[in-house]
Amino acid sequence: MRGRHVLFVVSLILLLGAVTGEFAGDYSKLSGIIIPGFASTQLRAWSILDCPYSPLDFNPLDLVWLDTTKLLSAVNCWLKCMMLDPYNQTDHSECKSRPDSGLSAITELDPGYITGPLSSVWKEWIKWCIEFGIEANAIIAVPYDWRLSPSKLEERDLYFHKLKLTFETALKLRGGPSIVFAHSLGNNVFRYFLEWLKLEIAPKEYRRWLDNHIHAYFAVGAPLLGATETVKATLSGSTFGLPVSEGTARLMFNTFGSSIWMLPFSKYCTTDNVYRRHFSGGNRKTHHAYHCDEHELQSKYSGWPTNIINIEVPSIRGNEAYPSFVETVQTNLTGMECAFPTQLSFSAREVSDGTFFKAIKDYDPDSERLLHLLEKSYHADPILNPLTPWERPPLKNIFCIYGVDSKTEVGYYFAPSGKPYPDNWIITDVIYEIEGSLYSRSGNLVEGNPGATSGDETVPYHSLSWCKNWLGPKVNITRTPQSEHDGSGVQVHRNREHLHGEDIIPNMTRLPTVKYITYYEDSESSPGTRTAVWELDKANHRNIVRSPALMRELWLEMWHDIHPDKKSNFVTKAKRGPLRDEDCYWDYGKARCAWPEHCEYRYLFGDVHLGQSCRLKNSTSDLLSHYV
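Only a predicted model underlies this, so the values are computations on that prediction, with no experimental measurement involved.

J.: What should I look at first to understand the pairing of strand β12 (residues 397–404) in this one?
T.: On a regular strand, one side chain projects to one face of the sheet and the next to the other, so that they alternate. With 8 of its 8 residues buried, β12 lies for the most part within the structure. Here β12 shows two buried faces, one formed by N397, F399, I401 and G403 and the other by I398, C400, Y402 and V404. When strand β7 (residues 214–220) meets β12, the two strands line up parallel, connected through 4 bridges. Residue pairing for β12: F218 is matched across the bridge by F399. Relative to strand β19 (residues 530–537), β12 runs parallel, the two being bridged by 8 bridges. Looking at the pairing, Y402 lines up with E535 of β19.

J.: Even after reading the chapter, I still don't get the sheet that holds strand β16 (residues 474–481), so can you show me in this structure?
T.: Either a parallel or an antiparallel arrangement is found when strands of a sheet pair, and the pairing is made through backbone hydrogen bonds. Taken together, the 9 strands give an open sheet; going across it, the order is β5-β1-β6-β7-β12-β19-β18-β16-β17, and neighbouring strands pair in mixed fashion. Among the strands making up the open sheet, the edge pair consists of β5 (139–141) and β17 (491–497). In this sheet, neighbouring strand axes are inclined to one another by 15° on average, regardless of whether the strands run parallel or antiparallel. As paired strands, strand β1 (residues 31–35) and strand β6 (residues 178–183) are joined by 5 bridges and run parallel to one another. Across the sheet, I34 pairs through a bridge with F181, a residue of β6. Sitting on the sheet, helix α10 (residues 203–213) is in contact with β6 and β7, with an inclination near 80° to β7.

J.: Would you mind showing me how to read the side chain of R552 here?
T.: Positionally, R552 belongs in helix α19 (residues 548–561). Apart from residues no more than four positions distant in its own chain, R552 is found in contact with W128, P481, Q482, S483, E484, I517, R576 and L579.

J.: Help me understand unusual backbone geometry in this model?
T.: Outside of glycine, negative phi angles account for most residues, and trans bonds account for most peptide bonds. For the bond running from W65 to L66, omega is 15°, close enough to zero to count as cis. Residue position: L66 is located in the loop between β3 (63–65) and α2 (68–73). The peptide bond linking Y421 to P422 adopts the cis configuration, its omega dihedral lying at 10°. Secondary-structure assignment places P422 in the loop between β13 (408–416) and β14 (425–434). Although it is not a glycine, L158 adopts a positive phi angle of roughly 50°.

J.: Would you take a moment to explain a nonpolar patch on the surface for this structure?
T.: A contiguous nonpolar patch, built from Y588, Y601, Y603, F605 and L610 and spanning about 660 Å² of accessible area, is present on the exposed surface. As for its position among the elements, F605 is in the loop between β22 (599–601) and β23 (614–616). Of the residues examined, F605 reaches a relative accessible area of 83% and is grouped as exposed.

J.: Explain the state of the cysteines here, please?
T.: Two cysteines, two sulfur atoms, one covalent bond between them: this is a disulfide. Taken as a whole and assessed by the stated rule, the structure comprises 6 disulfides. C51 shares a disulfide with C77; S-S distance 2.4 Å. Sign of the S-S torsion, about -135° for the bond between C51 and C77, identifies this disulfide as left-handed. On the criterion of sequence distance, the pair formed by C51 in the loop between β2 (43–45) and β3 and C77 in helix α3 (residues 75–82) is long-range, its members being 26 residues apart. The same class applies to C51 as to C77, namely buried. Note that C400 is cross-linked by a disulfide to C467, the S-S spacing being 2.1 Å. Between C400 and C467 the disulfide shows an S-S torsion of about -80°. By sign, it is left-handed. Taken as a pair, C400 in strand β12 and C467 in the loop between α18 (461–464) and β16 lie far apart in primary sequence, 67 residues in all. Accessibility classification places C400 together with C467 in one group, the buried group.

J.: What exactly am I supposed to notice about the packing of helix α7 (residues 150–157) against helix α8 (residues 159–174) here?
T.: Two quantities define a packed helix pair, namely the angle between the axes and the distance from one axis to the other. Contact geometry for α7 and α8: axes closest at 6 Å, N-to-C directions at 80°. Put simply, α7 runs roughly perpendicular to α8. From α7, P150, L153, E154 and D157 reach across to α8, where they touch Y159, F160, H161 and K162. Classifying every residue of the contact of α7 with α8 gives 4 nonpolar, 1 polar and 3 charged.

J.: Please explain the pairing of strand β15 (residues 437–440) as it appears in this structure.
T.: Where burial is concerned, the two faces of β15 differ: the one with L438 and S440 is buried and the one with S437 and Y439 is not. In the sheet, β14 pairs with β15 via 4 bridges, with the strands oriented antiparallel. Residue I431 lies in a different strand from β15, and its bridge partner there is S440.

J.: Whenever I open this one, the packing of aromatic side chains confuses me. Can you help?
T.: The geometry of an aromatic ring pair is captured by the separation of the ring centres together with the interplanar angle, meaning the angle of the planes. Inspection of every chain in the model, using the stated rule, returns 26 aromatic pairs. Relative to F193, the ring of F167 lies with its centre 5.8 Å away and its plane at 20°, an arrangement referred to as stacked. Of this pair, F167 sits in helix α8 while F193 sits in helix α9 (residues 185–200); the two residues are 26 residues apart in sequence, bridging distant segments of the chain. We note that F167, like F193, is buried. A centroid spacing of 6.3 Å and a plane angle of 85° characterise the contact between F399 and F570, whose relative ring orientation is edge-to-face. Placement of F399 in strand β12 and of F570 in the loop between α19 and β20 (586–587) is noted, with a sequence separation of 171 residues between them. The pair formed by F399 and F570 is uniform in burial state, with each residue classed as buried. Of the aromatic side chains, those joined through ring pairs into one cluster are Y144, Y159, F160, F167, F190, Y192, F193, W196, W209 and Y217. Cation over ring: K407 sits above Y432, and NZ or CZ is 4.3 Å from the ring centre. The ring of Y516 has R479 lying over it, and the distance from NZ or CZ to the ring centre is 5.9 Å.

J.: Would you explain helix α12 (residues 246–253) in this entry?
T.: Because an α-helix completes one turn every 3.6 residues, residues spaced three or four positions apart along the sequence face the same direction. Buried residues dominate α12, accounting for 6 of its 8 residues. For α12, the set of buried residues is G247, T248, A249, R250, M252 and F253. Elements that come into contact with the buried residues of α12 comprise α3, α11 (229–235), α17 (366–379) and β14.

J.: Explain the pattern of salt bridges here, please?
T.: Opposite charge on two side chains lets them pair, provided their charged atoms get close. As enumerated under the stated definition, the model contains 33 salt bridges in all. Here R530 makes a salt bridge to D561, at a shortest N to O gap of 3.0 Å. Of this pair, R530 sits in strand β19 while D561 sits in helix α19; the two residues are 31 residues apart in sequence, bridging distant segments of the chain. Residue R530 is classed as buried on the basis of its relative accessible area, which comes to 7%. Judged by relative accessible area, which is 7%, D561 ranks as buried. The partner of K566 in a salt bridge is D561, with the nearest N and O atoms 3.4 Å apart. Put simply, D145, R147, R156 and D157 are held in one network by salt bridges that share partners.

Thresholds, definitions, all that
Residues numbered from 1 in each chain as written. Predicted model: local features only at pLDDT ≥ 70, side-chain atom pairs only at ≥ 80, totals over all residues. Heavy atoms only, no water. Buried < 20%, exposed > 50% of the residue type's maximum accessible area, 1.4 Å probe, protein only. Helix = DSSP H or I, 4+ residues; strand = E, 2+ residues; numbered from the N terminus. Pairing = 2+ DSSP bridges. Axes fitted to C-alpha atoms, helices over the stretch in contact; angles between N-to-C directions. Contact = heavy atoms within 4.5 Å. Patch = residues over 30% accessible without salt bridge, like charges linked within 9 Å, V, L, I, M, F, W, Y side chains within 5 Å. Areas by Shrake-Rupley, 256 points an atom, 1.4 Å probe, with all protein chains shown as cover. Salt bridge = Lys/Arg side-chain N within 4 Å of Asp/Glu carboxyl O. Disulfide = S-S within 2.5 Å. Parallel < 35°, antiparallel > 145°, perpendicular 65-115°, else oblique. Nonpolar A, V, L, I, M, F, W, Y, C, P; charged D, E, K, R; others polar. Phe/Tyr/Trp six-rings, centres within 6.5 Å; stacked < 30°, edge-to-face > 60°. Lys NZ or Arg CZ within 6 Å of the ring centre and 35° of its normal.

Listed below in C-alpha cells is the structure:
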C-alpha cells in the first residue's frame, strides 16, 4: 500500500526533563513504544549469497530492505533474500533475511544522500522528541518481520513474547507504564498481541497487567476493516515506489504471509475463536463457526461503499469451474451464449472468506497459495481471526487518529491481460471515494454507499472510521484549524448523540482554504476510560506521522494528561500558539514576527532570512502551562 512501505506506529511523550522541570510530577517514569507499519522496518541478510554477473553480493548484516543499489544491480539475488515460501513461510534456500533492531531500524530504510529523504520514516519524529527533552531510553522501537503472518511472528521469532518483555522491562526501568504508538499494520500487530496476551496471563490478572503496563494507545492510520489496495497488490502488484515491474512486485508480495492481513472484510461477520493455552503446543484446533448477522444479507456491499472487485473471466460452459459457488455463477452467466467474458463481482466478505480466490483459481496460479494462507494463517488461527471486526481494546486511554478527505481507491475492475503469469491481470478501471462521493477513474459518478468523507489515499474512510464505534452515546465534538490559531475558528458541539454502529457526522462549517482537525471525545460512557477520535483533513497515510499538527497535538495531550493539576479530561482546544522556534515566522504584511505575544525578532549568527530570526520569547514550559 502506498504509505505501506513505511508506515508504522509510534511512540513518544514521556520524560519532560529540562523542559518541564518546574512543574510537579514525575514525568520520567513514562516510556513510549513504537510499532511500525507494513514495510517500515529494515531487513538485513542473515546468510552469504554470491550473486553471479554482479559485483555486489549479500553478506550477513547487509541491508536487504531497503538497499536500492543491490536491487538495481542484482534484482534476482535481492528477490531471493526477500521472498518466502508461500506455503510454510520459510526463507529461500539460498538466502534469509531478518528484521533489524532498535530505532535505527525504523528511522531511515535506505540511508544515503539521494535515497535517504525518500525513505525516511521516523527520523523527523525522533528529532522532534529530542528537541523536547525526551531521554534516549524513553523511546523503544519494536520492529518485526512485516512479511510474516501473525502466528509465524510468534512461532519463528517469539515476537509477542519479546514484546511482553519489552513492556515489563520499560516498567522496571522507568517505573511507569508505556504509551503505545502504532501505525498502519502495526495496529493489527498490537491487536493480535492483546489477544495473545490473554493466553499468557491468568484471566484475573489480564486487566491488571494492561493497566500497569499501558497508559495510552495511539492508533494512527489503522486499517481496522482492511484496505482495498491489498487486493490490487495481490492481483496486479504494487511496486512500493521501487524500480521493479508490477509483476515482480506481485510475485514477491504474494509469498508474504502478511499479504492477507490487510484484506478488506465485512463488519457484520465474526468468528467463534477456539483458544489453546499454549501458543505452539499440542494439536491446534480450527475455528468452527464463521458467521454473519442479518445485516450482511441486507447490505449490498458488506457495508463498504461498493464491491471491492469486479473481474472478467473467460467464458465457460456449465458450472464446473466454480464448484463451490454455483449460485454466484448462475447469477453472473447471463450473457454466455455469445461466448463473451463473464464479469463477476465480489464484496468485502467474499474477498476475505475465500470466495473470490476460489472463483478464479482456474485462471490464476496464485489463488491456491493465497487460499492456503488464508485458511491456515488467518481463519484457522488459534489466537484470533484477524479478518473480523475490532472491539475496543480494554485499555484506559485510546486515541484513534487518521487522515480524511483525500482521493482513495475503494474498488477495482480487472480483466485478463493476455500475458502470462504474473502479469495475467490488468486493471481496467478504478473506483475512488472523493469527499463523500464515488467516481470512476474516468471521472464518472458511480452508484454506491459512500461515507461522509473519503480516506487517507491508502485506507478507505469506512475502515479508518470503524473506531468511532468505540465512542459512547454522548460525544463532544470540536473542530479547529490545524495551524496555530487564536481560537476564533473553533467550533464545539457538546453531548452530541451517537448511535452505536452509525457514523457520527458534525454539522459544522468548513472553509475550503483551511485544513481542520475534528476531535470526537468521550470520557463518560465507561468510567475510568477515555476514547477519542481525531480526523485530520488531507493527512496522507504515510506522511501523517510527519505532520507537525499531529505531533503538536500528541505532545499537548500527553503533557496535559500526565500533569497533576489538569482541570479537564482532554487538553483544551481553545487556542494553539507556537511551541517551538520553528513555529514562529515573519509576517511580511505587518513587517514583524507573527504571534508577537509569543515570538520576537532575535537574530543569531547564521540566520539567512527573517523568519529564521523569529524566536520564542518565553520557555516552552511557560507556553505549555496554558494547556493544563
